[in-house]
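# Geometric and topological summary
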Amino acid sequence: MHVMIEENAAHPRLPALLTAYHLATETEKGAAPAGPAGLPAARRAEAEDPAAFAADTVLLATAPGAPAPAGCLVLKAGAVPEIKRLWVEPEARGRGLAGALMGEALRRAAAAGARAVRLTVWEWRRGPLALYRRLGFEDAEPWDDRPGLLCLEKRIEPGDRVELLAPEAVRAHADALGALLVDAVDGGASVGFLAPLEPAEAAVWWAGAADGRDVWAAFGPDGAVTGAVTLLRTATANGRHRGEIARLLVHRSARGRGLGRRLLAAAEAHAAATGLTLLVLDTQTGSPAERLYRGAGWTPAGTIPAYAADPGGTLRATTLYYKVLA
């Protein structure tokens, strides 16, 4: 089961979540209020008025099996959207709610055509700050000069859109995903197939994979599939904390613009947000993919000689990698 994200500015749980956020913030700033009534008037009004964020996107997160949302986030509208009020109740932390909220906010901003997203965070909030850094937020020219407040911004690359596909969408795009797989095999990538790979066979593979794994696809400005990556979840009872990254593909015409890293980051963020704590993968030793994985913080666990044949049929060594998710 995954964290459930919903958009609902009128949810009955939202006032309590916003109030808890403001109480914690004021306390951390050294002005601990004596309950909700002691909050500054503007903060009380924000929590009590459902119309306070009428022009914005209010997201709520519910942990798997929980009866009600335990986290919230506001994505404020504007030329540069701003993330505000990220809050997860203390008892619900460590279950991926914050990561899921951030991932959905960034996805919506990108889908709306935003070229950047910004936020502010108090420097003492080490947990949220670490999350923002992992997601690619960097220090920006301050637009709020309050002492101790950091201004961060994440650039959103124009062009290719990365999207998590539902199973029916994977099947709908099976031919295009198949063409991507054929391009990878033709280019010498060791991804489980020998050359020549027939387009029909590649499309059948994707159609069959639709229900067994999470699939992300990248789409160029013209709608063409330019990349993909999949995440398999371990089914055994003692391995449900673990997943495997497989079939990270970027079309040869789309390489050199960071798309592989974006696809990998999307899968990693989703894995963490949905409760996985360990990821593994294998790749042909000495392949360009190794540079990508090492640069993204993956650790080599060892090399197995003559592990798999390349598309031409020659046995090649494979290096196993793992990554522990925070």
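Up top is the structure these notes are about.
Okay, so let's go over this structure. (Residues numbered from 1 in each chain as written. Predicted model: local features only at pLDDT ≥ 70, side-chain atom pairs only at ≥ 80, totals over all residues. Heavy atoms only, no water.)

### Concerning the nonpolar core
One recurring pattern in soluble globular proteins is that nonpolar side chains are buried together. Within the largest apolar cluster, 30 residues are counted, with the highest numbers of intra-cluster contacts made by L73, I83, L97, M102, L119, Y132 and F137. No other element matches the seven residues that helix α3 (residues 97-111) contributes to this core. Other than its neighbours up to four places away in sequence, Y132 contacts L86, M102, L119, V121, F137 and L152. By size, the runner-up hydrophobic cluster in this structure holds 24 residues, among which are L165, A184, V191 and A210. (Core = buried A, V, L, I, M, F, W, Y, C linked by side-chain atoms within 4.5 Å. Buried < 20%, exposed > 50% of the residue type's maximum accessible area, 1.4 Å probe, protein only. Helix = DSSP H or I, 4+ residues; strand = E, 2+ residues; numbered from the N terminus. Contact = heavy atoms within 4.5 Å.)

### Describing the sheet that holds strand β3 (residues 71-76)
A sheet is described by the order of its strands in space; here seven strands give the open sequence β1-β2-β3-β4-β5-β7-β6, paired in mixed fashion. Two strands lie at the open edges of the sheet, namely β1 (4-7) and β6 (138-139), each paired on one side alone. Taken together, the two bridges between strand β4 (residues 82-88) and strand β5 (residues 116-122) define a ladder with parallel strand orientation. When the bridges of β5 are listed, I83 appears paired with L119. (Pairing = 2+ DSSP bridges.)

### Considerations on the side chain of T318
Mapped onto the fold, T318 is located in strand β14 (residues 315-324). Residue classification places T318 among the buried residues on the basis of a relative accessible area of 4%. Contact partners of T318, with chain neighbours within four places excluded, come to D282, T283, Q284, T285, G302, T303, I304 and Y307.

### Here we look at the pattern of salt bridges
According to the stated counting rule, one finds 19 salt bridges in the structure shown. A salt bridge links E28 to R125; its shortest N-O distance comes to 2.9 Å. With a gap of 97 residues between them, E28 in helix α1 (residues 14-28) and R125 in the loop between β5 and α4 (126-134) connect regions that are remote in the sequence. A relative accessible area of 11% means that R125 is categorised as buried. A salt bridge links R118 to E82, with the nearest nitrogen and oxygen atoms 3.7 Å apart. Of the two residues, R118 sits in strand β5 while E82 sits in strand β4, which places them 36 residues apart along the sequence. Among the residues examined, E82 registers a relative accessible area of 12% and is labelled buried. (Salt bridge = Lys/Arg side-chain N within 4 Å of Asp/Glu carboxyl O.)

### Notes on the pairing of strand β9 (residues 214-219)
Counting buried positions over the six residues of β9 gives six, a clear majority of the element. By the bridge criterion, five bridges tie strand β8 (residues 161-165) to β9 in an arrangement that is antiparallel. Bridge pairing links L165 to V215 in β9. The pairing of β9 with strand β10 (residues 225-233) spans six bridges and is antiparallel. Looking across to β10, one finds that A217 is bridged to A228. Counting the residues in the hairpin turn of β9 and β10 gives five residues, including G223, whose phi is positive at 90°.

### A short note on the sheet that holds β14
Two pairing modes exist for strands in a sheet, parallel and antiparallel, and in both the strands are linked by backbone hydrogen bonds. An order of β8-β9-β10-β11-β12-β14-β13 is seen for the seven strands of this open sheet, with the pairing classed as mixed. Each edge of the open sheet is held by one strand with a lone partner, namely β8 and β13 (299-309). Recorded for the sheet is a direction-independent mean angle of 25° between the axes of neighbouring strands. Lying on the sheet, helix α6 (residues 174-186) is in contact with β9, β10 and β11 (242-250); it crosses β10 at an angle near 95°. (Axes fitted to C-alpha atoms, helices over the stretch in contact; angles between N-to-C directions.)

### A short note on the pairing of β3
For β3, the buried fraction is high: five of the six residues fall into the buried class. Relative to β4, β3 runs antiparallel, the two sharing five bridges. Within β4, the position partnered with L75 by the bridge is I83. What sits between β3 and β4 in their antiparallel hairpin is a turn of five residues, with G78 showing a positive phi close to 160°.

### What about unusual backbone geometry?
In this model, A195 is joined to P196 through a cis peptide bond whose omega is -5°. Relative to the elements of secondary structure, P196 occurs in the loop between α6 and α7 (199-209). Phi at R85 is positive, roughly 55°, even though this residue is not glycine. Inspection of the secondary structure puts R85 in strand β4. Positive phi, normally seen in glycine, also occurs at A306, with a value near 50°. Note on placement: A306 falls in strand β13. Since its relative accessible area comes to 47%, A306 is described here as partly exposed.

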